[in-house]
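One letter stands for each residue in the lines below.
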Amino acid sequence: MLKKYWLIIVAVVVLVAAFVGGLVYFSSKPAAIAGMNPLNVLYQHKTIPVVVEKEIKTALSFYPELIETPIDFVLDPHTSKSIMLSQPVISSFLRGQHNRTYVVKINPRFATTHNSIPIQNVPHDILIGWFGHELGHIKDYTTRSNTNMALFGLKYVCSDKFLMQAEQNADTYAVNHGLGDYIIKTKNFILNNSDIPPEYKARIRRLYPSPQQIVDLVEKMKHPAHEHDH
Ligand SMILES: [Zn+2]
């Protein structure tokens with residue numbers, strides 16, 4: 001009689017162990033496949049070209065609040081006068097301010113004075129600064145209503161003064177997210193590079209904050225003016 005009870009207890013223990021073991025085994029597997037690695041959590045809702053994957057992911061890691069924001073980074077040779085261009089997707093406006101999709105167009109070739117180089121050959125830190133600046137634009141866009149965003153687009157193409165303000169906003173967001181050193185490196189790379197066409201350098205000098213202005217922004221962020229300062 002006693003032997004029979006022991007058999008039942010052992011059988012129950014074995015069954016419970018098998019059930020728990022199976023549950024842990026099968027439940028952990030799909031979670032790992034779904035990218036539950038915390039390193040991947042930042043890259044939800046994003047399209048990222050493989051050639052500049054590392055740099056985009058590094059820049060994204062400075063903007064954890066953009067986790068849920070759909071952003072498609074696409075290689076596109078039509079980036080107007082810029083190397084990169086960030087825009088909201090018009091058709092996504094119907095979903096409202098908080099569900100808009102954004103595109104970062106990346107020219108696959110970086111024009112030099114006599115030639116051009118593939119974008120992935122631009123140094124690592126310079127690209128991180130560049131993507132950090134573009135994500136600054138997107139961060140800025142996420143704070144705007146649909147109407148404000150539409151007016152923004154109109155003013156951006158019509159007014160140099162407005163464009164300068166938009167570029168300053170993007171750099172300020174990037175600095176406040178900890179990308180100041182990368183932004184300074186990117187600007188110096190463009191402005192002090194004899195291989196970069198002089199017209200492009202002149203445009204950057206005229207319309208974008210200077211490296212010194214970014215140094216000042218970084219200083220201001222590190223030592224914010226005290227409320228009771230006189
Ligand atoms: Zn910009």
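Before reading on, note that the structure itself is shown above.
The paragraphs below set out a description of the structure included in this document. (Residues numbered from 1 in each chain as written. Predicted model: local features only at pLDDT ≥ 70, side-chain atom pairs only at ≥ 80, totals over all residues.)

## Some thoughts on the overall build of the protein chain
Alright, step 1. Within the protein chain, the secondary structure is distributed over eight helices and six strands.
Alright, step 2. Counting the 230 residues in the protein chain, one finds 22% classified as buried. (Helix = DSSP H or I, 4+ residues; strand = E, 2+ residues; numbered from the N terminus. Buried ≥ 20, exposed ≤ 12 C-beta atoms within 10 Å, placed from the backbone.)

## Regarding the sheet that holds strand 4 (residues 102-106)
Alright, step 1. Strands sit in the order 1-2-4-3 across an open sheet of four strands; the sheet is mixed. Unpaired on one side and paired on the other, strand 1 (46-47) and strand 3 (84-88) mark the two borders of the sheet.
Alright, step 2. As defined by bridge partners, strand 1 adjoins strand 2 (residues 71-75) across two bridges and the pair is classed as parallel. Residue pairing in the sheet places Thr-47 in a bridge with Asp-72 of strand 2. (Pairing = 2+ DSSP bridges.)

## Re the environment of Phe-93
Alright, step 1. When you line up the elements, Phe-93 lands in the loop between strand 3 and strand 4.
Alright, step 2. Considering only alpha carbons, one finds Phe-93 and Thr-147, 54 residues apart in sequence, at a separation of 9.6 Å.
Alright, step 3. With near-sequence residues (within four places) excluded, Phe-93 lies in contact with Arg-100 and Asn-146. (Contact = placed C-beta atoms within 7 Å.)

## Looking at the pairing of strand 4
Alright, step 1. The buried fraction of strand 4 is high, at four of five residues.
Alright, step 2. Across five bridges, the pairing between strand 2 and strand 4 is parallel. When the bridges of strand 4 are listed, Leu-75 appears paired with Ile-106.
Alright, step 3. Pairing geometry for strand 3 and strand 4, over five bridges, is antiparallel. The residue of strand 4 that forms the bridge with Gln-87 is Val-103.

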